[in-house]
Protein chains: 2
Amino acid sequence: MEAQAVSQKSLETMFRPKSIAILGASRDENKIGGRPLKYLKHYAFDGPIYPVNPNYPKIQGLKAYKSILEVGGDVDLALIVLPAAAVVQAIRDCAEKGVNAVVIFSAGFAETGEEGHAAELEMRRIAEQAGIRIVGPNCMGIAAFDHNMIITFGVSMLNLPPALGPVSIVSQSGAYGNVAYAEARQRHLGVRLWATTGNEADVNVADCLNYYVEDPETKVILMYFEASRDGAKLMAGLAAAKEARKPVVAIKVGSSDVGAEAALSHTNSLVGSDSVVDTVLKKYNAYRAYSMDEFFDIGYAFTSGLFPAGNRIGLVTISGGAGILMSDHAVKLGLDVARLSAAAQDKVREVIPFAGTRNPVDITGQAVNQPDILEQCLNIMIEADEYDVIIVYLAGMTSLEFLQRTGLTRVREKHPKAAIILSITMDEEAWHIFNDLNYLVIPDPTRAVGAAAGLMQMGQGYAKAEPPAPPSLPAPVEVPAETVNEVEAKRILAKAGVPVVDERLATSAAEAGRAAAEIGFPVAMKLVSTDILHKSEIGGVLLGIGDEAAARNGYDTLIERARTAQSDAKIDGVVVAPMISGGVETILGVKVDPAFGPVVLFGLGGIFVELLGDVTQRLAPFGAQEAHGMMREVKGFPLLDGARGAAPADIDALAEALSRLSQFAHENRDRIESIDINPFLVLPKGQGAFAVDALIIPSNRP
Amino acid sequence: MEAQAVSQKSLETMFRPKSIAILGASRDENKIGGRPLKYLKHYAFDGPIYPVNPNYPKIQGLKAYKSILEVGGDVDLALIVLPAAAVVQAIRDCAEKGVNAVVIFSAGFAETGEEGHAAELEMRRIAEQAGIRIVGPNCMGIAAFDHNMIITFGVSMLNLPPALGPVSIVSQSGAYGNVAYAEARQRHLGVRLWATTGNEADVNVADCLNYYVEDPETKVILMYFEASRDGAKLMAGLAAAKEARKPVVAIKVGSSDVGAEAALSHTNSLVGSDSVVDTVLKKYNAYRAYSMDEFFDIGYAFTSGLFPAGNRIGLVTISGGAGILMSDHAVKLGLDVARLSAAAQDKVREVIPFAGTRNPVDITGQAVNQPDILEQCLNIMIEADEYDVIIVYLAGMTSLEFLQRTGLTRVREKHPKAAIILSITMDEEAWHIFNDLNYLVIPDPTRAVGAAAGLMQMGQGYAKAEPPAPPSLPAPVEVPAETVNEVEAKRILAKAGVPVVDERLATSAAEAGRAAAEIGFPVAMKLVSTDILHKSEIGGVLLGIGDEAAARNGYDTLIERARTAQSDAKIDGVVVAPMISGGVETILGVKVDPAFGPVVLFGLGGIFVELLGDVTQRLAPFGAQEAHGMMREVKGFPLLDGARGAAPADIDALAEALSRLSQFAHENRDRIESIDINPFLVLPKGQGAFAVDALIIPSNRP
């Protein structure tokens, strides 16, 4: 799961084939088997097209073949539009013909149940042997608009003709991919590459992502997915995109339980935990969108290529009301509506004495009579160099003629690199003029603020130095295949460098007495048995044991309670530990995600996790610096930082433990299912921190 | 502040004048003084228009007057477009002429400082004497489109001609009002009445709200405001709107500190606490929007007049992906994406065997070939009677011809009252056809879900029974004008029915000893002095006092510490109280908002309020039932409900105390600034609850 680019050369022939066959081509241009042929002809695909259909000599004016095997020339790409039952044989034929890639529209495979799943595995097997890449089944096709290659049955590519641009789209859902193309075009976004992956028998969203990153003309990637079974490849693609500064906007659906259930029945794919995907996207600086408007607003904003690393937003407005609306939204998104410096405020007042100057700079309705006020005030804002993004808001539909009188063109000539969003409703002609000047035009003011936040989020991610590599473990620490008791679990964690409580396992009353004396009174005593899960419920924990005799008695009491509760329980003994007061209870955890590997969780104990779900997580491994950032993400962090008059806790020790745990989880990712350290007690600064209880669940996976 | 409709008869002549004079009328149709005249002529205002301008005999083809006093006929409404310095005299002239209402565009009044504020007070004084209503100054005018009466200088009413409809708009900000009109029209929303109130020297947003509620043809009210100085009138209008089932969609800006600061400089008005406004809007079932899209989406949705009282959403989609996207968003908004009943699922499968049937019902791309699938599945969903709102999602731009083949028209004939949103991109012709069938058309799927949530929120609000009236206090309890000590504060609250700790004030060591003995050991002792605010910092609290001698010593110790800390402090004595363990610490508070009266706050003690800001509030007064709903809104509520193995707390006692406190605050709203009861300890069920400490700050207002 290292972040390295996966070479995607094998997709080249798929996206840019020299020749195409259509198995199941139809004479009816409006049928699923007829539309792709129509599009290829309509948009002048530059290469031979071979309709395959045994029933007709000619299809849509082209010679038709009874079988792909009858085609004389080479076939790079074959589109299969046949009933499900005929698909596997068709792939055999493609293999024999030496086809490089197939696109399968046909549904009726893994999404329908066992039988379909078996057929999908079979087609995959044949394709792998023959070196064929498969797109689908149950997809809506692919397109490379720079190559006039459009293989789909959606109507939007006919209704909204392609216009080349910097955006490439990949969608697991065919219908959503179709919508995404239509929406992009309706919003004037130029699209370059487009793919829907459907059931993902072979080519998946991650494959396309990697290919798009390597495509020189793709600048922004829009990605829709429901599940990712190939986490390593997805992470490699995201890492490569980050490295290449090609921002990725992702919609990952299934964040709700209901959604997740629908996803399951929709693509028959296992949805990884949504929060893990969120963690992955954050790690690789990909932007996660939650609605179509956000998906395209942000995608559009990213085409500007301007990613300022700060979070200060400047607002120039003709309406005080809209200015406050934007301020409110900016603050909600964590932006800094920084006050304009006094010197610059003075300059604004020189231009228009009654202006609001603080930020928002309110140039008032006066701009209607004197459009050049805007130019002057905007220049003052830019030249003050106090903002990362500036939004200009004008009210209502604004004519090109008026916009030209505002001097926005001159502002751009003077300041070509300033990130400026025009929150202005304008007609299409004006849109193209100002968009070509690399202004972003997003009429709705709150959405303009959202886009500014997106640019800044991306910029901050790009500017952030890679955190130092986490420390390796002192020596490899292996996890046994069976669940071990808590004492053993802590012993293993201690070897990995996670500090644990100073405790002794006693297997007799006498040992218990001696152990207690060594530790010093009072002590706590706890039954150790992997068979008894809820120890406190059977009275398996004794606190405040004050002397050696009580410790010996305590041992006998605990063993007797265990026998009474469950006579056949395997009892490993009694653990004796010091009674500790003070410190902050935290919870450290690990969950190994099947797609993305181990994830480390952190939260504060008690109500924070149980009542508030106040946890944060990171992909393992990571260093102490990252752990420091992580712990600051929980709402309860001030309790570690000395809130409410308490002593600040030893967060350095906590950070070190989190980092060590992450490294341990990383090295044992194939052997672990999950780890719970609860509580992990953090003492006041300088006094350390340690695991009080721990559970390691080994993996059952092969 | 009772919820009763304020009669707005006096605004009738203002919105529907028979004659209009324009003071400062301009010959230039594009000047601020020229545009209103142009609009009145262009849209054929049915009554005499009198341009007033001493420099020309004719203006835009009409006879001009040197002064309004020269006009022969009556003048109902006068528009003033003069330099600020000339406005006051103009109003004197209007008074002499017997004008009913004036609209003042001119800026340069209260928003600019002292002098302008004085001029505004003067114009108000003249107008009050003469019985003239003033709109503005610093506004963009008013319009009654059913009366062809358009008084504004914004261009949008020329660019986007009016179309009568069910929506009336009022905006404090002129520019925002202008945008709101333009946006409404661009979104095909018909507008009836429109007003911008600017500085609100007289007519304010609340006046217009009340007038709109009484307007028979207004069905939906869109309201933008920055501050409300007249809380009683606003609440009366909201209550009347709720009563009349005319939904109000409000944008109230200034939710952030930055925004609030900008609001202050923008309209020179005092912004009430944003959370109080939120509480007010919730109480009267008004919908608060946070962006323009939301403002208009919801406003548009409300024109359907369909307000189902449940929260179950049904989704019919052609794209599984979009279905999950909508599900995710619905869950985020608290909607129930309820599973379709098995019987109905079977029926769906009869129509299309491979459909997703659970909800979302995924009718798949098959609908492209067989459009009537949609009709059949939609009918099944409606007839199952399991959903409050149903959204139909079709992907991409959809042609009218296709839509007609889906049978949506027949569905409507069969089920005229079903709340159905079409999340479908269609052209204007199709929009009008389906909109006229009372389908809501909101293409973006997540925004469609948001609109559904809005309909349900409104419906649930309308369906909710009015909570029973709160109990009156046993007898009037007055608050002294000076701040009293905590013992006295608790005595006052106890009289109002708020239970307080059983404690004694001792003014000598001997008294302290006796008091402690009466209460029973151990006791807590605390210094009582209104001069010493932070008692614990000077050691002014003693805990766990075990016998009478210790209590006597404790008294002397506390008095000495007080003298040492502040020799001139007035010391009222030492309070002796029982030591109590257990119970849940809560915080009860009151803040009297200058515009909306007393608001009662509730939160859990400690980290919940301090760290998490986990509080909720209600307008006073309210009964115990409402208090029960209130306490359930805080995240920490489970701690009162027996979370983590604790005994359930006496929430009935807590609810009763909250209600009593609210009644007390209500009855003393003019004498109180704020009350803090912290902590208010809630013991286990059946054991009661009581105030441990209390502070009442009397009002300084006259």
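When helices and strands are counted, chain A shows 25 helices and 29 strands. Projected onto its principal axes, the C-alpha coordinates of chain A cover approximately 100 × 80 × 40 Å. Buried positions account for 54% of the 702 residues belonging to chain A. In chain A, the proportion of contacts linking residues at least 24 apart, taken out of those at least 6 apart, comes to 71%.

A few words now on the pairing of strand E23 (residues 573-578) of chain B. Residue and element names in this part refer to chain B. Counting buried positions along E23 gives 5 out of 6 residues, so the element sits mostly inside the fold. In the sheet, strand E20 (residues 504-506) pairs with E23 via 3 bridges, with the strands oriented antiparallel. Note that in E23 the partner of Ala506 across the bridge is Val574. By the bridge criterion, 6 bridges tie strand E21 (residues 523-528) to E23 in an arrangement that is antiparallel. Its bridge partner being in E23, Met525 is matched across the sheet by Val576.

Bringing helix H15 (residues 372-384) of chain B into the picture now. When the terminal C-alpha atoms of H15 of chain B are compared, their 18 Å separation across 13 residues agrees well with the 18 Å that a helix rising 1.5 Å per residue should span. Those residues of H15 of chain B that sit buried are Ile373, Leu374, Cys377, Leu378, Ile380, Met381 and Ile382 of chain B.

Turning our attention to the relation of the copies chain A and chain B. When chain A is fitted onto chain B, the two copies agree to an RMSD of 0.1 Å after a turn of 180 degrees and an axial shift of 0.1 Å. Such values leave the two copies arranged in the relation of a two-fold axis. By residue overlap, the copies meet face to face through one surface: 100% of the interface positions of chain A are interface positions in chain B.

Our focus in this paragraph is unusual backbone geometry. All names here are of chain A. For the bond from Gly136 to Pro137, the omega torsion is 5 degrees, close enough to zero to count as cis. By the element assignment, Pro137 lies in the loop between strand E7 (133-135) and strand E8 (142-144). Residue Asn359 is joined to Pro360 through a cis peptide bond whose omega torsion reads 5 degrees. Within the element layout of this structure, Pro360 appears in the loop between helix H13 (342-351) and strand E16 (361-362). The backbone of Ala44 shows a phi angle near 55 degrees, a positive value even though the residue is not glycine. As for its position among the elements, Ala44 is in the loop between helix H2 (35-42) and strand E2 (49-52).

Turning next to the interface of chain A and chain B. With 63 residues of chain A at the interface, the matching set in chain B holds 63 residues. Those elements giving two or more residues to the side of chain A that touches chain B turn out to be helix H5 (156-159), helix H6 (174-186), helix H9 (257-267), helix H11 (292-302), helix H12 (320-332), strand E17 (389-397), helix H19 (445-463) and helix H23 (607-610) of chain A. With 11 residues, the single largest contributor to the side of chain A that touches chain B is H12 of chain A. Tallied by class, the residues present in the side of chain A that touches chain B amount to 29 nonpolar, 24 polar and 10 charged.

This part covers the nonpolar core. By size, the foremost hydrophobic cluster in this structure holds 493 residues, and its most contacted members are Ile391 of chain A together with Ile391 of chain B. Those residues in contact with Ile391 of chain A, other than ones at most four positions away along the chain, are Ile313, Leu315, Met326, Ile421, Ser423, Ala448, Val449 and Ala452 of chain A.

All names here are of chain B. Taken in spatial order, the 5 strands of this open sheet run E16-E15-E17-E18-E19, and their pairing is parallel. Each edge of the open sheet carries a strand with a single partner, namely strand E16 (361-362) and strand E19 (440-441). One ladder, built from 5 bridges, connects strand E15 (residues 313-317) with strand E17 (residues 389-397); its direction is parallel. If you follow Ile313 over to E17, its bridge partner there is Val389.

A few words now on the packing of helix H3 (residues 84-97) of chain B against helix H4 (residues 114-130) of chain B. Residues and elements named next belong to chain B. Where H3 meets H4, the axes come as close as 10 Å, and the angle between the chain directions of the two elements is 0 degrees. On the basis of the axis angle, H3 is roughly parallel to H4. Between H3, through Val87, Val88, Ile91, Arg92 and Ala95, and H4, the contact on the second element is made entirely by Ala119, Glu122, Met123, Ile126, Ala127 and Ala130. For the contact of H3 with H4, the residue count by class is 9 nonpolar, no polar and 2 charged.

Time to look at the pairing of E17 of chain A. All names here are of chain A. In terms of burial, E17 is largely enclosed, as 9 of its 9 residues are buried. Summarising the sheet, E17 and strand E18 (residues 420-425) pair through 5 bridges and their orientation is parallel. Across the sheet, the residue bridging to Tyr393 is Ser423, located in E18.

As a further point, take H19 of chain A. The first and last C-alpha atoms of H19 of chain A sit 27 Å apart over 19 residues, in line with the 27 Å expected at 1.5 Å per residue. When you tally the buried positions in H19 of chain A, you get 15 out of 19 residues, the bulk of the element.

Our next topic: the sheet that holds strand E20 (residues 504-506) of chain A. Residues and elements named next belong to chain A. If you trace the 4 strands from one edge of the open sheet to the other, you get E20-E23-E21-E22, paired in antiparallel fashion. Each edge of the open sheet is held by one strand with a lone partner, namely E20 and strand E22 (541-545). The average undirected angle you get between the axes of adjacent strands in this sheet is 25 degrees.

Looking at chain A, the domain boundaries give domain 1 (9-302), domain 2 (313-463), domain 3 (502-578) and domain 4 (584-698). Distance between the C-alpha centres of domain 3 of chain A and domain 4 of chain A: 27 Å.

Residue and element names in this part refer to chain A. In this structure, Gln345 sits in helix H13. A tally of 19 C-beta atoms within 10 Å means that Gln345 is categorised as partly exposed. Separated by 301 residues in the primary sequence, Gln345 and Ala646 place their C-alpha atoms 44 Å from one another. Each residue touching Gln345, except ones within four places of it in the same chain, is listed here: Leu340, Thr357 and Arg358.

We now examine the environment of Ala201 of chain A. Residues and elements named next belong to chain A. As for its placement among the helices and strands, Ala201 is situated in the loop between strand E11 (191-196) and helix H7 (205-214). Residue classification places Ala201 among the buried positions, given that 25 C-beta atoms sit within 10 Å. Setting aside its immediate chain neighbours within four residues, Ala201 contacts Glu120, Met123, Arg124, Ile134, Gly136 and Pro137.

What follows concerns the packing of H13 of chain A against helix H15 (residues 372-384) of chain A. Residues and elements named next belong to chain A. The contact between H13 and H15 brings their axes to 10 Å, and the two run at 170 degrees. By the angle between their directions, the pair H13 and H15 is classed as roughly antiparallel. Each of Ala344, Lys347, Val348 and Val351 in H13 lies in contact with H15, whose residues at this interface are Ile373, Gln376, Cys377, Ile380 and Ala384. Here the contact of H13 with H15 is composed, by residue class, of 7 nonpolar, 1 polar and 1 charged.

Quick look at the confidence of the model for chain A now. Interpreting fine coordinate detail is not advised for predicted regions of low pLDDT. Residue and element names in this part refer to chain A. Predicted confidence across chain A gives a mean pLDDT of 90, with 96% of residues reaching 70 or more. Here residues 1-7 scores under 50 on pLDDT; set against residues more than four positions off or in separate chains, the count is 14 contacts. Confidence over residues 263-272 falls short of pLDDT 50; this stretch has 37 contacts with residues more than four positions distant or in other chains.

Reading guide: rules and limits
Residues numbered from 1 in each chain as written. Chains lettered and ligands numbered in written order. Predicted model: local features only at pLDDT ≥ 70, side-chain atom pairs only at ≥ 80, totals over all residues. Helix = DSSP H or I, 4+ residues; strand = E, 2+ residues; numbered from the N terminus. Buried ≥ 20, exposed ≤ 12 C-beta atoms within 10 Å, placed from the backbone. Contact = placed C-beta atoms within 7 Å. Pairing = 2+ DSSP bridges. Expected span 1.5 Å × (residues − 1). Least-squares fit on C-alpha atoms with pLDDT ≥ 70 in both. Nonpolar A, V, L, I, M, F, W, Y, C, P; charged D, E, K, R; others polar. Core = buried A, V, L, I, M, F, W, Y, C linked by C-beta atoms within 7 Å. Axes fitted to C-alpha atoms, helices over the stretch in contact; angles between N-to-C directions. Parallel < 35°, antiparallel > 145°, perpendicular 65-115°, else oblique. Domains from an automatic or database assignment. pLDDT = per-residue confidence, 0-100.

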